[in-house]
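# Observations on the model geometry
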Amino acid sequence: MPDRAGPVRPESAPPRWIAQHRPPEQALFSGVYGLVLASALAAALDATGEKADPGADALWVLLTALASGAAHGYAHVIAQRASGDRAATTNRRQLVFAEWPLVAAVLPTVAMLLAAVAGWWAESTAVDVALVFNTVALFGWGTWAARSAGHGWPSSCLAGGLDMVIGLVIIIANALIK
C-alpha cells in the first residue's frame, strides 16, 4: 500500500516554502551588515548631554549606509578588476547595486529617527526602539538563513541567537557608554 503521507523529505532539506523564498547570500550579508551599521550609528549619534537632533542623525545613518554600500560594491569591482579574470562578465554597476539590502536594512532605523523629528517620541526612545528592532531582525535573519540551509528549528534558533548577540553587544555598549 503506498504511503499517503507524501514524499519523504531528507532531514537536511529545508521546508518547501523556505526553500522557495531562500534569501540570496548577498542579501543576507548586506542586510546583516546594514542592521549592525544602523544600530552602531544610532547608538553613537544619540550622545548624552548633547542637544537631540534626530533629523541630522537620520541623515547621517542614511548617508553612511549609501556610502558603505557604494564602497563595498566598488571594492567588488576593484577586486574583480585586480583578479585579472577576463571570464568574469558581471556588470560593474550590478556589483555596486547588489548592495541595496545594506541601505534597505537601515531604513527602519531612519524611519524611527524621523518619527522623533515629527515629535511622535523622543530621539532616545527612537534609538532604543531601533536597537531592539534591529536585534530582533538579526535573530530573524539568522534563523531564516539556517532554516533555508536545512537546519532544524533548535539549531536555527541557536544560529539566530548567535546573530542576535551582535545587537545585544551594541545595546550593552550603548548603556555602558551613557
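Quick notes on the rules
Residues numbered from 1 in each chain as written. Predicted model: local features only at pLDDT ≥ 70, side-chain atom pairs only at ≥ 80, totals over all residues. Heavy atoms only, no water. Helix = DSSP H or I, 4+ residues; strand = E, 2+ residues; numbered from the N terminus. Contact = heavy atoms within 4.5 Å. Areas by Shrake-Rupley, 256 points an atom, 1.4 Å probe, with all protein chains shown as cover. pLDDT = per-residue confidence, 0-100. Expected span 1.5 Å × (residues − 1). Buried < 20%, exposed > 50% of the residue type's maximum accessible area, 1.4 Å probe, protein only. 1 Å grid on protein atoms, 1.4 Å probe; cavity = no way out; pocket = protein on both sides within 12 Å on 5 of 7 lines; lining within 4 Å. Points joined across faces, edges and corners; volume = space filled by probe spheres on them. Nonpolar A, V, L, I, M, F, W, Y, C, P; charged D, E, K, R; others polar. Axes fitted to C-alpha atoms, helices over the stretch in contact; angles between N-to-C directions. Left-handed = near helix turned anticlockwise from the far one by under 90°. Salt bridge = Lys/Arg side-chain N within 4 Å of Asp/Glu carboxyl O. Patch = residues over 30% accessible without salt bridge, like charges linked within 9 Å, V, L, I, M, F, W, Y side chains within 5 Å. Phe/Tyr/Trp six-rings, centres within 6.5 Å; stacked < 30°, edge-to-face > 60°.

### Regarding the overall build of the protein
A tally of helices and strands in the protein yields 7 helices and 0 strands. Ordered by position in the sequence, the α and β elements of the protein form the string α-α-α-α-α-α-α. Partitioning the intrachain contacts of the protein with sequence separation of at least 6 by distance along the chain shows that 68% fall at a separation of at least 24. Accessible surface computed for the protein: about 10800 Å², of which carbon and sulfur atoms make up 68%.

### Here's the deal with the confidence of the model for the protein
Scored by pLDDT, the protein comes out at a mean of 86, with 84% of its residues at no less than 70. Averaged pLDDT values for the elements of the protein fall to 64 in helix H1 (residues 16–20) and rise to 97 in helix H5 (residues 100–117). Low confidence marks residues 1–9, where pLDDT is under 50. Its contacts with residues over four positions away, or in another chain, come to 2 contacts.

### Some remarks on H5
Taking 1.5 Å of rise per residue, 18 residues should cover 26 Å, and H5 covers 25 Å from first to last C-alpha, within 8% of that figure. Buried within H5 we find Pro-101, Leu-102, Val-103, Ala-105, Val-106, Thr-109, Val-110, Met-112, Leu-113, Ala-115 and Ala-116. The positive-phi residue at the C-terminal boundary of H5 is Gly-119, with phi of around 85°.

### A few points about the layout of surface pockets
Considered as a void within the structure, the largest pocket measures approximately 150 Å³ in volume. Along the wall of the largest pocket there are 13 residues; nearest its centre are Asp-46, Ala-47, Glu-50, Ala-52 and Glu-123. Grouping the constituent residues of the lining of the largest pocket by class yields 3 nonpolar, 3 polar and 7 charged.

### Description of the packing of helix H2 (residues 25–45) against helix H3 (residues 54–83)
The contact between H2 and H3 brings their axes to 10 Å, and the two run at 145°. In this structure, H2 crosses over H3, and the sense of that crossing is right-handed. On H3, the residues that touch Gln-26, Phe-29, Tyr-33, Leu-37, Ala-38, Leu-41, Ala-42 and Leu-45 of H2 are Asp-57, Trp-60, Val-61, Thr-64, Ala-65, Ser-68, His-72 and His-76. Its residues assigned to classes, the contact of H2 with H3 shows 10 nonpolar, 5 polar and 1 charged.

### Notes on the pattern of salt bridges
Enumeration over the complete set of coordinates arrives at 1 salt bridge. Here Lys-178 makes a salt bridge to Asp-46, at a shortest N to O gap of 2.7 Å. Taken together, the residues span a long stretch of sequence, with Lys-178 in the segment after helix H7 (153–177) and Asp-46 in the loop between H2 and H3 at a distance of 132 residues. What makes Asp-46 buried here is its relative accessible area of 10%.

### Re H2
Here H2 contains 21 residues, and its C-alpha end-to-end distance of 30 Å stays within 8% of the 30 Å for a straight helix at 1.5 Å per residue. Where H2 is buried, its residues touch H3, H5, helix H6 (123–148) and H7.

### Some thoughts on a nonpolar patch on the surface
Nonpolar side chains collect at one region of the surface, where Leu-158, Leu-162, Val-165, Leu-168, Val-169, Ile-172 and Leu-176 lie side by side and expose about 690 Å² of accessible area between them. Structurally, Val-169 can be placed in helix H7.

### A few points about the packing of aromatic side chains
This model, assessed by the stated rule, comprises 2 aromatic pairs. Here Phe-29 and Tyr-33 contribute two aromatic rings whose centre-to-centre distance is 6.4 Å and whose plane-to-plane angle is 15°, an arrangement assigned as stacked. With Phe-29 and Tyr-33 both in helix H2, this residue pair falls 4 residues apart, about one helical turn. For Tyr-33, a relative accessible area of 41% gives the class partly exposed. With a centroid separation of 5.8 Å and 35° between ring planes, the pair formed by Trp-141 and Trp-144 is classed as tilted. Of this pair, Trp-141 and Trp-144 both sit in helix H6, 3 residues apart, which is roughly one turn of the helix. By relative accessible area, Trp-144 is classed as partly exposed at 29%.

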